[in-house]
Amino acid sequence: MKNLTAWLAGLGLLVCPISGSAEPLSKQSVLQLSRVGIGDAAIVAKIEADKVDFDLSTDEMIALKDQGVS
């Protein structure tokens, strides 16, 4: 069921129109998505599709992992 939920969430992110006025994805947004159980594939798809307002340096990736993002 968890895989189905992640797949459906990812599908929803992929088919939603991307608005030019959407705010850039932040580190906090990624944390929120992870905490509510959105799957890794859906989060990665969103990062790839949206503007991103944070760096993915080694230190930032470690910080995200320490906060529970896989």
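Use the structure listed above.
Residues numbered from 1 in each chain as written. Predicted model: local features only at pLDDT ≥ 70, side-chain atom pairs only at ≥ 80, totals over all residues. Heavy atoms only, no water.

J.: Please give an account of the overall build of the protein chain that cites residues and values.
T.: Counting its secondary structure elements, the protein chain contains 4 helices and 0 strands. Helices and strands in the protein chain line up, N terminus first, as α-α-α-α. Out of the 70 residues in the protein chain, the part that is buried amounts to 17%. Restricting the contact set of the protein chain to residue pairs at least 6 apart, pairs at least 24 apart contribute 79%. Within the structure as shown, the protein chain displays about 5,100 Å² of accessible surface, and the carbon and sulfur contribution to it stands at 59%. (Helix = DSSP H or I, 4+ residues; strand = E, 2+ residues; numbered from the N terminus. Buried < 20%, exposed > 50% of the residue type's maximum accessible area, 1.4 Å probe, protein only. Contact = heavy atoms within 4.5 Å. Areas by Shrake-Rupley, 256 points an atom, 1.4 Å probe, with all protein chains shown as cover.)

J.: An account of the pattern of salt bridges is needed here, citing residue identities and associated values.
T.: Scanning all chains against the criterion turns up 2 salt bridges. Residue Glu60 pairs with Lys27 through a salt bridge whose shortest N-O separation is 3.3 Å. Taken together, the residues Glu60 in helix α4 (residues 58-66) and Lys27 in helix α2 (residues 27-35) connect sequence positions 33 residues apart. A residue is classified by how much of its surface remains accessible, and Glu60, at 23% relative accessible area, is partly exposed. We note a salt bridge from Asp50 to Lys46, for which the minimum N-O separation is 2.6 Å. Taking relative accessible area as the criterion, Lys46 reaches 22% and is therefore assigned partly exposed. (Salt bridge = Lys/Arg side-chain N within 4 Å of Asp/Glu carboxyl O.)

J.: I'd love a proper account of the nonpolar core, names of residues and values included.
T.: Counting residues in hydrophobic clusters, the biggest one holds 8 residues: Leu25, Val30, Leu31, Leu33, Ile43, Phe54, Leu64 and Val69. Once residues within four sequence positions are removed from consideration, Leu25 is found in contact with Val30, Lys46, Ile47, Asp50, Lys51, Val52, Asp53 and Phe54. (Core = buried A, V, L, I, M, F, W, Y, C linked by side-chain atoms within 4.5 Å.)

J.: Before we move on, can you summarise α2 with the specific residues and values?
T.: Regarding α2, the residues found buried are Val30, Leu31 and Leu33. Viewed along the axis of α2, the buried residues span an arc of 165 degrees, placing them on a single side of the element. On its buried face, α2 sits against α3 (40-49) and α4. Of the residues one or two after α2, Gly37 is the one with positive phi, at around 95 degrees. (Arc of directions from axis to C-beta.)

J.: Explain the packing of α2 against α3 residue by residue, including any values.
T.: As a packed pair, α2 and α3 sit with axes 10 Å apart at the nearest point and diverge in direction by 155 degrees. As far as their axial angle goes, α3 and α2 are roughly antiparallel. Considering how the two elements wind past one another, α2 and α3 form a crossing that is right-handed. Where α2 abuts α3, its residues Val30, Leu33 and Ser34 lie against Ile43, Lys46 and Ile47. A breakdown of the residues in the contact of α2 with α3 according to their chemical character gives 4 nonpolar, 1 polar and 1 charged. (Axes fitted to C-alpha atoms, helices over the stretch in contact; angles between N-to-C directions. Parallel < 35°, antiparallel > 145°, perpendicular 65-115°, else oblique. Left-handed = near helix turned anticlockwise from the far one by under 90°. Nonpolar A, V, L, I, M, F, W, Y, C, P; charged D, E, K, R; others polar.)

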